[in-house]
Every structure is written in C-alpha cells, then in structure tokens.
Amino acid sequence: MSAIFPGIPRIESPLFRPDDPAYGFSAEDQATGADLSTRGYAVIDFPDPDIDARIERIKANLAPRLGIDLINPGADKTAAHRRIQDAWTFDQDVRAIAGNTQILALLERLYGRRAFPFQTLNFPLGTQQAAHSDSVHFSSLPERFMCGVWLAMEDIHPDAGPLFYIPGSHRWPIVSNLMIGRRGHGSALSSAQDPYGPAWRALQAAFGAEEGQFLARKGQALIWCANLLHGGSPQTNPSLTRWSQVTHYFFDDCIYYTPAFSDEAVGRLDMRRLVDITDGAQRANSFLGEILPLPRPPRLGSIRKRARTLWRQLSAKA
C-alpha cells in the first residue's frame with residue numbers, strides 16, 4: 001500500500017492497515033501504528049535501560065540554568081524559566097534520548113522513511129499552552145512527515161499541568177495561512193500560534209472533540225502526529241514540577257519549512273536549515289531525490305523590517 005502513496009506517511013494513509021504483512025510489523029508495532037492512525041498519538045515505554053539515570057543527570061545539569069529549586073519541595077517552581085531549547089548541544093544525555101536508535105527505527109517503520117531528530121525542548125514545568133498543532137511551526141512537503149516524542153521525566157501529577165491532546169484531531173484539515181486569509185512570508189509574530197487559535201477552537205467545537213490528559217509515569221513517552229492538537233493544562237499547584245523532554249523529528253527526502261512565515265501557493269517558503277542531532281551534519285531540503293539549494297540568509301534590511309514590525313506589535317500590546 002505504501003507504494004501507491006509514497007508521499008503520505010504510512011500511519012497517515014487512508015489505506016493503512018497495521019496488520020498488513022508487507023510492513024512486517026510486530027504485534028507491538030501494530031498496536032502503536034493503530035493508535036497513531038486512529039487517535040493521532042501512541043504511548044510507549046521509552047526503550048533505554050539507562051533512562052532513569054539519564055533523567056536524573058539531565059535534571060541536575062539543567063536545574064541551575066532554569067532557576068529551579070530542587071532542594072525545597074515546597075518552593076514555588078513557577079518563577080523558573082519554562083524551557084531550554086536544543087540542550088542536546090551541551091548535554092550528552094539529552095542528545096542520547098533524541099537519537100535513541102530504537103525510537104528512530106520505530107519511526108522509520110511507522111512512517112516509511114528514515115527519521116532524524118532536529119530539535120529538543122526540555123521543560124521543568126508544564127507549558128500551559130492552549131491547544132495547537134505543530135504543523136504551523138514545523139512542516140514538510142510532502143505534508144505530515146514530522147512528529148514529536150514527549151518523554152515524561154517524572155511521574156506526572158494532575159495538579160502539575162499535564163500534557164493534553166485532542167484524539168483524532170490529526171485527521172482534521174491542516175490550518176494554513178491561505179485557509180485563514182493571512183500572508184505569512186515576511187511577517188513578524190510574537191507567537192507563531194496566535195493567528196490560528198480561532199480556527200483551531202472552531203474546529204474543536206465543530207467536531208465536539210474532548211481533551212484527554214497524559215498522566216504519564218516516569219519513562220513513558222508519547223508519540224504524536226504532526227497535526228494533532230495538543231497543549232498544556234493549567235498548573236494548580238505551584239510547588240510541583242513537570243519535567244519532560246520533547247524531541248521533534250523530520251523524515252528523509254522532504255522540503256522542511258515554517259508555514260507560519262510562508263505562502264505556499266506562490267512558492268514563498270521559509271525553508272529551514274537543519275542539523276541532524278545524531279551526527280551534527282546539515283540535512284538538505286530535497287524534492288523527490290533532488291537536493292534543493294539552501295535558502296539565502298535574510299538581508300540586513302529584511303531583518304530590521306521584521307524587528308520594527310515585532311516592536312510595534314509588542315508596544316501595542318503593552
């Protein structure tokens with residue numbers, strides 16, 4: 001079936017059957033594939049025998065950078081910084097989690113193309129973000145060859161602002177600039193999600209969809225599809241942490257870009273310069289095997305224009 005639609009991830013294809021012998025899936029793969037296909041997410045135990053030790057080393061390394069008081073359990077944790085992006089560049093345990101070979105092999109089986117990690121986010125607390133899709137931040141051509149893996153680095157308490165998701169929302173339309181009547185190329189945003197919030201809320205209301213919470217135990221991971229709506233629940237106990245690591249993955253032979261700053265219909269793509277976390281090598285954008293030239297760095301005048309626009313937007317909100 002994959003040969004019919006090679007431009008669609010296996011688990012996103014309308015023809016996907018997890019028990020198809022052509023895939024050679026194990027019983028565990030079939031269950032994971034079925035969950036991703038129908039719900040847009042799947043829960044697994046992270047396949048690393050040293051995961052507990054890695055987690056504790058990561059906490060000890062990142063806590064001072066984030067301003068987290070790990071000594072006093074009653075301390076207010078919410079005053080701390082809420083995330084560190086790309087800690088893999090200086091923390092080998094973060095990098096090992098992102099490049100876990102069993103995860104990469106699983107994603108390749110599920111999507112039908114080789115996966116590579118390109119970004120890590122480490123959180124001591126919940127994000128408390130409204131429901132959103134990663135598709136406005138990270139997308140690919142062909143579509144949907146992106147996914148996230150969220151690892152619980154402690155048992156998640158209901159009052160700590162658990163991750164939530166909207167089952168089945170990965171099958172809803174991918175909200176784009178063209179759909180909401182917005183130009184993205186050359187624009188500036190204080191939050192890349194803001195323009196799309198009304199559309200996501202309208203879809204959620206139209207489908208009558210309900211949120212589910214991921215009350216994970218330490219060492220569990222959640223794989224989610226590119227268009228799954230997800231976010232962070234409100235944190236009701238400020239003394240609690242919600243340590244986690246998110247790794248974002250792309251797949252081979254795609255164009256990688258940021259839709260929030262693109263206008264696909266006229267070929268204006270905010271293409272990404274990516275590094276594969278596993279080996280530190282740059283990954284090229286490609287179209288059906290053809291390597292595409294790297295985008296030119298923005299001119300100084302363009303950078304200044306974006307900065308002025310962003311400053312006006314922030315000043316208006318002040």
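In this report, the structure presented in the accompanying data block is examined. Here the structure is a predicted model, which means the values were calculated and not measured.

Below, the discussion takes up the overall build of the protein. Check the secondary structure of the protein and you find seven helices and 15 strands. Here the C-alpha radius of gyration of the protein, 20 Å, is about what a compact globule of 318 residues would show, namely 20 Å. Based on the C-alpha atoms only, the size of the protein along its principal axes is roughly 55 × 55 × 45 Å. Split into buried and exposed, the 318 residues of the protein put 50% on the buried side. A fraction of 81% describes how many contacts in the protein between residues 6 or more apart in sequence connect residues 24 or more apart. Total accessible area computed for the protein in this model is approximately 15100 Å², and 54% of it derives from carbon and sulfur atoms. Between the centroid of the 34 positive side chains of the protein and the centroid of its 33 negative side chains there is a distance of 10 Å.

What follows covers the packing of aromatic side chains. The full count for this structure, using the stated rule, is 13 aromatic pairs. On the numbers, 5.6 Å between centres and 85 degrees between planes, the contact of Phe116 with Tyr256 is edge-to-face. Pair noted here: Phe116 is in strand S3 (residues 115–123) and Tyr256 is in strand S11 (residues 255–257), with a separation of 140 residues, a long-range link. Judged by its relative accessible area of 1%, Tyr256 is buried. Ring geometry for Phe250 and Tyr256: centres 4.7 Å apart, planes at 40 degrees, overall tilted. The pair Phe250 / Tyr256 is uniform in exposure class, with both members buried. Aromatic ring contacts, followed pair by pair, group Phe116, Phe118, Phe138, Phe250 and Tyr256 into a single cluster. Of note, Arg65 hangs over the ring of Phe90, and the distance from its end group to the ring centre comes to 4.0 Å. Positioned above the aromatic ring of Phe145 is the side chain of Arg113, whose terminal nitrogen or guanidinium carbon lies 4.2 Å from the ring centre.

Attention shifts here to the pairing of strand S8 (residues 220–225). Burial analysis of S8 places six of its six residues in the buried class, the great majority of the element. Residue alternation in S8 divides its side chains into two sets, Gln220, Leu222 and Trp224 and Ala221, Ile223 and Cys225, and both sets are buried. Sheet analysis places strand S1 (residues 41–45) next to S8, joined by five bridges and oriented antiparallel. Paired with Ala42 across the two strands is Ile223, which belongs to S8. One ladder, built from five bridges, connects strand S5 (residues 146–152) with S8; its direction is antiparallel. Within S8, the residue paired with Val149 across the bridge is Ile223.

In this approach the atoms are scanned with a rolling probe the size of a water molecule, which exposes any empty space left behind. When its volume is computed, the second largest pocket comes out at roughly 750 Å³. When residues of the lining of the second largest pocket are traced back to their parent elements, those giving at least two are S3, helix H6 (197–207), strand S9 (230–232) and strand S10 (244–251). Per-element accounting of the lining of the second largest pocket gives the leading share, four residues, to H6. Grouping the constituent residues of the lining of the second largest pocket by class yields 11 nonpolar, 15 polar and six charged.

Looking now at unusual backbone geometry. Cis geometry marks the peptide bond from Leu141 to Pro142; its omega dihedral reads 5 degrees. Secondary-structure assignment places Pro142 in the loop between strand S4 (139–141) and S5. One non-glycine residue, Asp253, lies in the positive phi region at around 55 degrees. Within the fold, Asp253 resides in the loop between S10 and S11. Note on Asp253: relative accessible area 28%, which makes it partly exposed. Of note in this structure, Leu288 is not a glycine but carries a positive phi near 50 degrees. Tracing the sequence through the fold places Leu288 in the loop between strand S14 (286–287) and strand S15 (290–291).

Conventions and cut-offs
Residues numbered from 1 in each chain as written. Predicted model: local features only at pLDDT ≥ 70, side-chain atom pairs only at ≥ 80, totals over all residues. Heavy atoms only, no water. Helix = DSSP H or I, 4+ residues; strand = E, 2+ residues; numbered from the N terminus. Rg over C-alpha atoms; globule rule 2.2 N^0.38 Å. Buried < 20%, exposed > 50% of the residue type's maximum accessible area, 1.4 Å probe, protein only. Contact = heavy atoms within 4.5 Å. Areas by Shrake-Rupley, 256 points an atom, 1.4 Å probe, with all protein chains shown as cover. Lys, Arg positive; Asp, Glu negative; His and termini not counted. Charge placed at Lys NZ, Arg CZ, Asp CG, Glu CD. Phe/Tyr/Trp six-rings, centres within 6.5 Å; stacked < 30°, edge-to-face > 60°. Lys NZ or Arg CZ within 6 Å of the ring centre and 35° of its normal. Pairing = 2+ DSSP bridges. 1 Å grid on protein atoms, 1.4 Å probe; cavity = no way out; pocket = protein on both sides within 12 Å on 5 of 7 lines; lining within 4 Å. Points joined across faces, edges and corners; volume = space filled by probe spheres on them. Nonpolar A, V, L, I, M, F, W, Y, C, P; charged D, E, K, R; others polar.

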